[in-house]
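If you want the building blocks of each chain, they are given just below.
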Amino acid sequence: MDKILEALVSSSHPLTVKRAIVKKVMEAAEKEVTEEQCQALYHLTTRLILQGEDAFQRQVGLQVQEAYARYHRDEFARFFSKEFVLGLLQQGYGSLDCRDPAILDFLHSSLRLLISCPAVLELAPLLQTEVLRIICERPEPATCAKLATILTDFPQCVPREKAGVLFCQQLVRTFAYFNCPATEEQELREYVTQVTRVSVLLQGIWKAEPATLLPSLQEVFAIISSTDPSFEPSIALASLVQHIPLQMITVLIKSLTTDQNVKDASMTQALCRMIDWLSWPLANHVDTWVIALLKGLAAVQKFTILIDVTLLKIEQVVPQIVPLVKSLKNDGLPNSKTFLLQFAELVHCMMYQYSGFPDLYDSILESIKELPKPNEEKIKFFLNQSAWTSQSNSFASGLLKITGKSETGKTGLVNLGNTCYMNSIIQILFMATDFRRHVMSLHLNGSNTLMKKLQLLFAFLAHTQRAAYSPRSFLEGSRPPWFTAGSQQDCSEYLRFLLDRLHEEEKTLSAFQVTSPKPEPATTSAETLNNAASQPVADMPLHPEPVAAKGDGRTLVERMFGGRLSTAIRCLQCHSLSEKEEPFTDLSLAFCPSMSKCHGPNDEHKSSSSVGPCQGAVNGGSESSEGSVKEGAGTRMERPVVEPTLSVPDLVDYFLAPEILENENCYFCERCASLQRAEKVMQVVAAPEYLILTLLRFSYDATCHVRRKILDNVGIPLHMSLPLRQHGISVTSSSSDSPESGENLAKKLKPSQKEDGMTENRTNSESNDSDSEMLSVPYVLSSVVVHSGMSSESGHYYSYGRNVSNTDGYVAHPSSKSLESSSLSESSTASQEEMGCADHKSTDWFLFNDSRVTFTNSESLRNVTGRFPKDTAYVLIYRKQEVSGQPSNPGPVVNGSRLSGEPPLQKELMDAITKDNKLFLQEQELNARARALQATSASCSFRPNGSDDNEPPGSCGPSGGGGGGGFNTISRLVF
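Because the structure is predicted, anything quoted here is derived from the model rather than measured.

As for the overall build of the protein
Across its full length, the protein holds 34 helices and 23 strands. The burial tally for the protein puts 52% of its 975 residues in the buried class. The contacts in the protein between residues at least 6 apart in sequence include a share of 80% that link residues at least 24 apart. A total accessible area of about 43,800 Å² is found for the protein, and carbon and sulfur atoms account for 52% of it.

Focus on the nonpolar core
Side chains of a nonpolar character, in soluble globular proteins, are inclined to be buried together. By size, the foremost hydrophobic cluster in this structure holds 107 residues, and its most contacted members are Tyr-68, Phe-80, Leu-107, Phe-167, Phe-175, Leu-237 and Trp-277. In terms of residues, this core owes the most to one element, helix α8 (residues 118-136), which gives 9 residues. Ignoring anything within four residues of it in the chain, the contact list for Phe-80 reads Val-85, Phe-106, Leu-107, Ser-110, Leu-111, Leu-114 and Leu-123. Leu-444, Leu-450, Ala-459 and Phe-474 belong to the second-largest nonpolar core, a separate cluster that totals 52 residues.

Overview of unusual backbone geometry
Its identity is not glycine, yet Asn-418 carries a phi of approximately 60°, on the positive side. Located in the positive-phi region is Asn-663, a residue other than glycine, with phi close to 55°. Within the element layout of this structure, Asn-663 appears in the loop between β7 (659-661) and β8 (667-669). A relative accessible area of 62% places Asn-663 in the exposed class.

Some words on the environment of Leu-444
By the secondary structure assignment, Leu-444 is in the loop between α22 (433-441) and α23 (450-463). On the accessibility criterion, Leu-444 (2% relative accessible area) is buried. Measuring from C-alpha to C-alpha, the distance between Leu-444 and Gln-906 comes to 9.7 Å, with 462 residues separating the pair along the chain.

Remarks on the confidence of the model for the protein
Per-residue pLDDT for the protein has a mean of 75; in total, 72% of the residues score no lower than 70. Overall, residues 519-551 carries pLDDT values under 50, and its contacts beyond four positions in sequence, including any with other chains, amount to 64 contacts. Here residues 934-975 is modelled with pLDDT under 50, and outside its nearest four sequence neighbours on either side it reaches 175 contacts, counting other chains as well.

Focus: the side chain of Ser-110
Along the polypeptide, Ser-110 turns up in helix α7 (residues 101-113). Since its relative accessible area comes to 0%, Ser-110 is described here as buried. Of the polar contacts made by the side chain of Ser-110, one reaches the backbone oxygen of Phe-106; its length is 2.8 Å. Apart from the residues lying within four places of it in its own chain, the contact partners of Ser-110 are Gln-65, Phe-76 and Phe-80.

As for the pattern of salt bridges
Counted according to the given criterion, the structure contains 29 salt bridges. As a salt-bridge pair, Asp-105 and Lys-146 come within 3.1 Å of each other at their nearest N and O atoms. With Asp-105 in helix α7 and Lys-146 in helix α9 (residues 141-153), this pair connects stretches of sequence that are 41 residues apart. Asp-105 gets classed as partly exposed once you look at its relative accessible area, which sits at 40%. Salt-bridge contacts for Arg-879 lead to Asp-434; the nearest nitrogen and oxygen are separated by 2.8 Å. Of this pair, Arg-879 sits in strand β21 (residues 871-880) while Asp-434 is found in helix α22, placing the two residues 445 residues apart along the sequence. Given the relative accessible area of 0%, Arg-879 is considered buried. Overlapping salt bridges, with partners in common, bring together Arg-99, Glu-130, Arg-133 and Glu-137 in one network.

A look at the packing of α22 against α23
Helix-helix packing: each pair is described by the crossing angle between the helix axes and the interaxial distance. Look at α22 against α23: their axes get within 9 Å of each other, and the N-to-C directions meet at 110°. When the axes of α22 and α23 are compared, the pair comes out roughly perpendicular. The way α22 lies across α23 gives a crossing that is left-handed. Only Met-451, Leu-454, Gln-455, Phe-458 and Ala-459 of α23 make contact with α22, whose side of the interface consists of Phe-435, Arg-436, Val-439 and Met-440. Here the contact of α22 with α23 is composed, by residue class, of 7 nonpolar, 1 polar and 1 charged.

Things to note about the packing of aromatic side chains
Here the structure, examined in full by the defined rule, presents 27 aromatic pairs. Seen from their ring centres, Tyr-361 and Phe-868 are 6.2 Å apart, and the 55° between their planes marks the pair as tilted. Of this pair, Tyr-361 sits in helix α19 (residues 358-367) while Phe-868 is found in the loop between α33 (858-867) and β21, placing the two residues 507 residues apart along the sequence. No difference in accessibility class separates Tyr-361 from Phe-868, as the two residues are buried. Both rings, one in Tyr-421 and one in Phe-483, keep their centres 5.7 Å apart while their planes meet at 75°; by these two values the pair is edge-to-face.

Description of the environment of Gly-409
Residue position: Gly-409 is located in the loop between α20 (376-385) and β1 (412-413). Take Gly-409: its relative accessible area is 45%, and that puts it in the partly exposed class. Sequence separation between Gly-409 and Leu-461 is 52 residues, and the spatial gap between their C-alpha atoms is 9.8 Å.

A word on the packing of helix α12 (residues 213-224) against helix α15 (residues 264-277)
Running from amino to carboxyl end, α12 crosses α15 at an angle of 95°, the nearest separation of the two axes being 8 Å. Taken together, the axis directions place α12 and α15 in an arrangement best described as roughly perpendicular. Of the residues in α15, those touching α12 at Val-220, Phe-221, Ile-223 and Ile-224 are Met-267, Gln-269, Ala-270, Arg-273, Met-274 and Trp-277. Residue composition of the contact of α12 with α15, grouped by class: 8 nonpolar, 1 polar and 1 charged.

A few points about the pairing of strand β3 (residues 563-571)
Counting buried positions over the 9 residues of β3 gives 8, a clear majority of the element. For β3 and strand β4 (residues 577-584), the ladder comprises 8 bridges, and the chain directions are antiparallel. In the strand pairing of β4, Ile-569 is matched with Ser-578. The loop that links β3 with its antiparallel partner β4 comprises 5 residues; one of these, His-575, has a positive phi angle of about 60°.

Details of α8
Taking 1.5 Å of rise per residue, the 19 residues of α8 would be expected to cover 27 Å, and the 28 Å separating its terminal C-alpha atoms lies within 8% of that figure. Bending of α8 peaks at approximately 40° at the position of Ala-124, with proline Pro-125 no more than four residues after it. Along α8, the residues that are buried comprise Ala-119, Val-120, Leu-123, Ala-124, Leu-126, Leu-127, Gln-128, Glu-130, Val-131, Leu-132, Ile-134 and Ile-135. Of the surrounding elements, those touching the buried residues of α8 are α5 (73-79), α6 (82-91), α7, α9 and α10 (161-175). Once α8 finishes, Arg-138 follows within two positions and takes phi at roughly 55°, a positive value.

Some points on the state of the cysteines
Tallied over the full model, the rule gives 0 disulfides. Distance from the sulfur of Cys-420, which forms no disulfide, to the nearest cysteine sulfur (Cys-491) is 8.4 Å.

Some words on a nonpolar patch on the surface
A grouping of Ile-4, Val-17 and Ile-21 is seen on the molecular surface, where their side chains present a nonpolar patch of about 220 Å² in accessible area. The topology assignment puts Ile-4 in helix α1 (residues 2-9).

Considering the pairing of strand β5 (residues 586-589)
Residues Asp-586 and Ser-588 line one face of β5 and the alternating positions Leu-587 and Leu-589 line the opposite face, and both faces are buried. Looking at chain direction, β5 and strand β11 (residues 690-695) are connected through 4 bridges and run parallel. Bridge pairing in β11 links Leu-587 to Leu-693.

Considering helix α2 (residues 15-27)
In this model α2 runs 18 Å from its N-terminal to its C-terminal C-alpha over 13 residues, within 8% of the 18 Å that 1.5 Å per residue would give. Within α2, burial applies to Lys-18, Val-22 and Val-25. One side of α2 carries all its buried residues, which in axial view fall inside an arc of 55°. Exposed and facing more than 90 degrees away from the buried side of α2 are Thr-16, Lys-23 and Lys-24.

Some words on the environment of Ser-510
Mapped onto the fold, Ser-510 is located in helix α25 (residues 491-515). Taking the C-alpha atoms as reference, Ser-510 lies 8.8 Å from Gly-553; in sequence the two are 43 residues apart.

Criteria and cut-off values
Residues numbered from 1 in each chain as written. Predicted model: local features only at pLDDT ≥ 70, side-chain atom pairs only at ≥ 80, totals over all residues. Heavy atoms only, no water. Helix = DSSP H or I, 4+ residues; strand = E, 2+ residues; numbered from the N terminus. Buried < 20%, exposed > 50% of the residue type's maximum accessible area, 1.4 Å probe, protein only. Contact = heavy atoms within 4.5 Å. Areas by Shrake-Rupley, 256 points an atom, 1.4 Å probe, with all protein chains shown as cover. Core = buried A, V, L, I, M, F, W, Y, C linked by side-chain atoms within 4.5 Å. pLDDT = per-residue confidence, 0-100. Polar contact = N/O pair within 3.5 Å; in protein donor to acceptor, adjacent residues only side chain to side chain. Salt bridge = Lys/Arg side-chain N within 4 Å of Asp/Glu carboxyl O. Axes fitted to C-alpha atoms, helices over the stretch in contact; angles between N-to-C directions. Parallel < 35°, antiparallel > 145°, perpendicular 65-115°, else oblique. Left-handed = near helix turned anticlockwise from the far one by under 90°. Nonpolar A, V, L, I, M, F, W, Y, C, P; charged D, E, K, R; others polar. Phe/Tyr/Trp six-rings, centres within 6.5 Å; stacked < 30°, edge-to-face > 60°. Pairing = 2+ DSSP bridges. Expected span 1.5 Å × (residues − 1). Bend = angle between axes of the 7 residues up to and from the residue. Disulfide = S-S within 2.5 Å. Patch = residues over 30% accessible without salt bridge, like charges linked within 9 Å, V, L, I, M, F, W, Y side chains within 5 Å. Arc of directions from axis to C-beta.

Structure, rendered in structure tokens:
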């Protein structure tokens, strides 16, 4: 019979003929057949099933084998022996590998033919051993699914007792290797079906053998908590969670959170992967377990883990907020609306807690602008309910952890513990293009000066492979002595101290060089550079560009940031004039007591809106007079976004406006020999290349004895002009007539109407006595430091910056007009075009937030305070532009050639960067190995006040909170 069947299936007869003959062969199975004939038929049908050339042959094999096994079961049981099954599972069949799915299909169909025979029980021990061996070999999902089908239909083949526990653990481990490379929908559906079959098998085993459940869950946790970077477990593990009894949540979570053997890094990794499981279509109850685990960790005060998970996953959460809000709005369901309101409140709490990320929050704020916003009191209540306090003393480098170099190509700075004040200043100095180029062109080989440290830091910011560089050495060398390590400080105070240190250092070295004996006469700049490497450190010139200095002996800080301010005091009784010039490196711009008085005669259209009194301006409308939160204290957070009524030019106008000295501030006139009313006028007589403006936002409330922050929105123009008085007469100086450097300018007011005549007399007299002419010097915005915080007692600094040189923007012509500006309002485009400024790309601006660096644009800078009321501009740097007919500051000189681009990297700097880049690669390898060994991860700090900085950013040192800088500081505090 077997010979006939074999010849038939391989013949060329029509299929109808073949099927008719096959039917006759199957009917013959009912008759008596010898043992030899049965065995021959079983071997033939097995070969047809496993190695048939086409579907017809495989179908014939199945039909004939099933017919003869039904009537001759004992003979089939002897054919399907242990030896035969073992050979199939270990060696395969013919050319078929033992892992071929066809082998398991044949095994399954054959067992079904013996379902009621004792032979199945005889095969069970063998199959229990073999399925365990197969699972330990980590088969593909298709193979596992077929095994799961066999074991589901034949539970007696499932391993028992200890072998059963081991089988479940290995099956869970195999689950972790279930990868799905499929891209087509049908393939994806098939993959999900395979995963479901295996998970259902485990569910059945857990119900039948409860002792296997806990070891299986322990294996799941061991897999998802692995910190081995070379292994990422499959998300298919999420399908197992739905089969874990919910009543076990309490016991399991308590066991996990109190187990001392579970490392923080492992728990963090496990929780992160469970959060990733939420995207799996079969992830039922995963959210329940995630929430339970979060609550369990909070209950045992393992806040460090919660903080780490938040920092790791926030970048995945934030981009989903806008789509979620849109989905809930379009849902139309009542519960969706309720959830949306609650969700919006949580989003506002997040933005309040983690301030200083306008690039991330702008689109979010736009999506929820129509929803009610909680007031500050309610936000603080929410946050205090859920405040986490880290048990670690280490500090987070920022809200978001950077794992790779920013797409901007820029390098961030690691926060070393409330050092955002330093990081923001370093970044804006680095973005001062011409200053950076001069610093990088200095030859300071072997020097240990602060300028050398700054040069090295700039080199690393430009060329390191690290996403964020740690400026620890520069911090130790540049921190003012009165700054407490680890405490928040005032960034403007730090900037003034840094520039003064660099200035004094260069002056000292230059003086030492002049007094030292020189074997040769003065050399040219090229010779100086060529001989720099052979000079002793003390004899080395700090800057190699005497041509740029024009022989006036000015330091690099003076040439880049130094200006001169003339202070003239005219007695209103005898009209005698006393004038004195002082250098400055920044102008400190106070807010006038009444904003309506800050506008010049050309700004009357801006002052039509109602303006609060002085106290309201000082408090910013959000702080209560008693320093505590009262009813309605949060209304400041709910004010609509409006265009700023003040602008930087307004504050400059106010700074330079005449001041009447009277009452307790009367001026002692030598000519009158008595105290007299006088008028004080300040004028800029030398404009710096980089104009640093500090907005005095931190004030002291003498009534409440607390420090407050002025939260007024100030318009920041991309272009502005600074009125400069050109020298036409000699400047007289009288030490007895000079104003006090610490004079209180909050009492300075515009001349009243009754003084108009006197003021006009002063103007006429001055015009007769002076041949000086006013010139408008154009400036373009280079960078801005933003302070984020609701008061001066807490906050965080971040900065905006772009590369601007003295030829960027436009070239202006001399003008005697007063200060002009193009505001950043929506109607300013035409003004900018009139000034010759080409539109900048959206990637021209960068946002520096400690380790995080992102692209941004001027629109974000313009709207930052309007959108986020506690984020206010604090320190601004403007770059002077070329004026036709006026000399400009040239670029650095290297080897006798003037550079217009970045100077070449010096060998010493290049060696240091190369060494650190190699070290960085080694660190990456060591970190990978450490994660593989489940080393404890470094913890981050968290503070309930919502920033990484918790000390007053206002006046922390002897110079006050935002006073004018320079070599002779002109302090202008607001009281």
